[in-house]
Amino acid sequence: MAIGASVEGAPADGGEGYSGRVTPFVVLSCVVAGSGGVLFGYDLGISGGVTSMDSFLKRFFPRVYRQKQDSKVSHYCEFNSELLTVFTSSLYIAGLVATLAAASITRRYGRRTSMLIGGTVFIAGSVFGGAASNVPMLLINRILLGIGLGFTNQSIPLYLSEMAPPRYRGAINNGFELCVSLGILFANILNYFVIKITAGWGWRISLSMAALPAAFLTIGAIFLPETPSFIIQCDGNTDKARVLLQKLRGTTSVQKELDDLVCASNLSRATRYPFRNILKRKYRPQLVVALLISFFNQVTGINVMNFYAPVMFRTIGLKESASLLSSVVTRLCATFANIIAMMVVDRFGRRKLFLVGGVQMILSQFTVGAILAAKFKDYEEMDDGYAYLVLITMCVFVAGFAWSWGPLTFLVPAEVCPLEIRSAGQSIVVAVVFLMTFVIGQTFLEVLCRIKSATFFVFGGWICLMTLFVYLFLPETKKLPMEQMEQVWKRHWFWKKVVGEEEDKKEAGAGKIALSGL
């Protein structure tokens, strides 16, 4: 057996004693909730598009516009600006702070409450973006959007994981990443068309249209039910939870799942400080997975593609309109790959997608680095043939990410964390994603200017490391009920030594108590 490749004795059918199917009710609930991913994706796509528009740069970042016109400035350094990177990345530091606050709100008041807060604040942010007349207004726009995303990204993956039947949890949770990809695609298409507005105010449409997906989520969340897990955790109303489970699963045979939820909820209510508890040794595997999976997600270089794709394509010689159209093409590839991931994640498992996607991204990053090193010079335009070869390779890269690290970054940590630390674990995931997105957003243009094509070899090296981490330390979790997930760690070649020692200490302590009572 490959190291960590499977879990002996894990139920193959999604949990012994569990029954049910995917009902229209659960699909509708998850579609409304998953649409929150469109908010995240739309922002990723729109920010890169507007920062490549000459009309936007002239108004807010004239220094960058002048650099683009200066033939003495290296192509690698045309967009290097501290103010521009602050505009792009300020959202993510605001999101980092917001997601930590969202953890306690999600745990105490429910997943729906966090979705409502996030959608409402996102709408307010889009108003500032569309009406912006100076850089401070743009920054207010980014900060409000970041707060909104902090709440939605923290709560939605939890909601999807807790509403989905175990055997289909991977596909349903991956719907969040599909919505992220669709959001980026919509943003890229919109940018492509608004740039044709000769009056130069098309960027206002791009920034203000963020209110549409936010309004859909906010209104939809009003009518969403809470998850059975939260209902039991909040007030212990098992009758209400049973009725909801029967509606979600399309069957009256939900007692086994309900019993597991009650057991998990009892333990959760006994846990007062989830952030403190997740540091305990028995939760060490979950903490490591939450930290490293989210960290590795960002050092793939994917958000370089997400919010700097038009900038990158302009850097290598494509014109303004062609660079935006190229971003649409790469996002179409990613969206198609997201759909494939939804269809195969519960059949082939998480590990295989991680590993195959990792190899695909490694080859892509090294190929782009090699092409740029050989054919792209500081003060010369790249031949169109090689520019489009870079585009094709980037399509392969984003497709590899979209059916592996993209959706699985939110799925795996959410499903491996038990209920008592689930909200804290998801907050850690989102906080690390926002922190690393902020760091990369702040540094990428400077790093690209300094080390040029070697940037892509650095990303490729990180992907090698994270693929090795998955091979050695991440067990398979497909179709296993979340309330029974602890068994994967007890059977893993490495983690059983960590959690096993905790169990041994408990047994030894119980033995001492028993002896003292004799």
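Rules of the game
Residues numbered from 1 in each chain as written. Predicted model: local features only at pLDDT ≥ 70, side-chain atom pairs only at ≥ 80, totals over all residues. Heavy atoms only, no water. 1 Å grid on protein atoms, 1.4 Å probe; cavity = no way out; pocket = protein on both sides within 12 Å on 5 of 7 lines; lining within 4 Å. Points joined across faces, edges and corners; volume = space filled by probe spheres on them. Helix = DSSP H or I, 4+ residues; strand = E, 2+ residues; numbered from the N terminus. Patch = residues over 30% accessible without salt bridge, like charges linked within 9 Å, V, L, I, M, F, W, Y side chains within 5 Å. Areas by Shrake-Rupley, 256 points an atom, 1.4 Å probe, with all protein chains shown as cover. Salt bridge = Lys/Arg side-chain N within 4 Å of Asp/Glu carboxyl O. Axes fitted to C-alpha atoms, helices over the stretch in contact; angles between N-to-C directions. Left-handed = near helix turned anticlockwise from the far one by under 90°. Contact = heavy atoms within 4.5 Å. Nonpolar A, V, L, I, M, F, W, Y, C, P; charged D, E, K, R; others polar. pLDDT = per-residue confidence, 0-100. Expected span 1.5 Å × (residues − 1). Buried < 20%, exposed > 50% of the residue type's maximum accessible area, 1.4 Å probe, protein only.

What the largest pocket holds in volume is close to 530 Å³. As for the largest pocket, its lining consists of 24 residues, of which Leu 267, Pro 418, Glu 420, Glu 483 and Glu 486 are closest to the centre. Counting residues per element, the ones that place at least two in the lining of the largest pocket are helix H13 (255–269), helix H20 (405–416), helix H21 (419–451), helix H23 (486–491) and helix H24 (495–516). The leading source of residues in the lining of the largest pocket is H13, at four residues.

Glancing now at a nonpolar patch on the surface. A contiguous nonpolar surface patch, about 380 Å² in accessible area, is contributed by Val 447, Ile 451, Val 458, Trp 462 and Leu 465. Mapped by element, the contributors of at least two residues to the nonpolar patch are H21 and helix H22 (454–473). Ranked by residue count, the leading element in the nonpolar patch is H22, at three residues. One can find Leu 465 in helix H22.

For the pair helix H18 (residues 350–375) and H20, interaxial distance at closest approach is 10 Å and the crossing angle is 145°. Of the two elements, H18 crosses H20, and the hand of that crossing is left-handed. Taken together, the residues of H20 that come into contact with H18 (itself represented by Arg 350, Leu 353, Phe 354 and Met 361) are Trp 405, Leu 408, Leu 411, Val 412 and Glu 415. Taken together, the residues of the contact of H18 with H20 break down into seven nonpolar, no polar and two charged.

The predicted model of the protein averages 84 in pLDDT, with 88% of residues at 70 or higher. Taken together, the stretch residues 1–15 has pLDDT below 50 and engages in 39 contacts with residues farther than four places along the chain or on a different chain.

To continue, consider helix H10 (residues 211–223). Here H10 contains 13 residues, and its C-alpha end-to-end distance of 19 Å stays within 8% of the 18 Å for a straight helix at 1.5 Å per residue. Listed in full, the buried residues belonging to H10 are Pro 213, Ala 214, Leu 217, Thr 218, Gly 220 and Ala 221. The elements touched by buried residues of H10 are helix H1 (24–34), helix H2 (36–50), helix H6 (111–130) and helix H7 (135–163).

What follows concerns the pattern of salt bridges. Following the criterion strictly, the structure yields eleven salt bridges and no others. Between Glu 162 and Arg 111 there is a salt bridge; the shortest N-O distance is 2.7 Å. Highlighted residues: Glu 162 in helix H7 and Arg 111 in helix H6, separated in sequence by 51 residues. For Glu 162, a relative accessible area of 6% translates into the label buried. Notably, a salt bridge pairs Lys 256 with Asp 260, separated by 3.0 Å at the nearest N-O pair. Taken as a pair, Lys 256 and Asp 260 lie in helix H13 at a separation of four residues, close to a single helical turn. Among the residues examined, Asp 260 registers a relative accessible area of 15% and is labelled buried.

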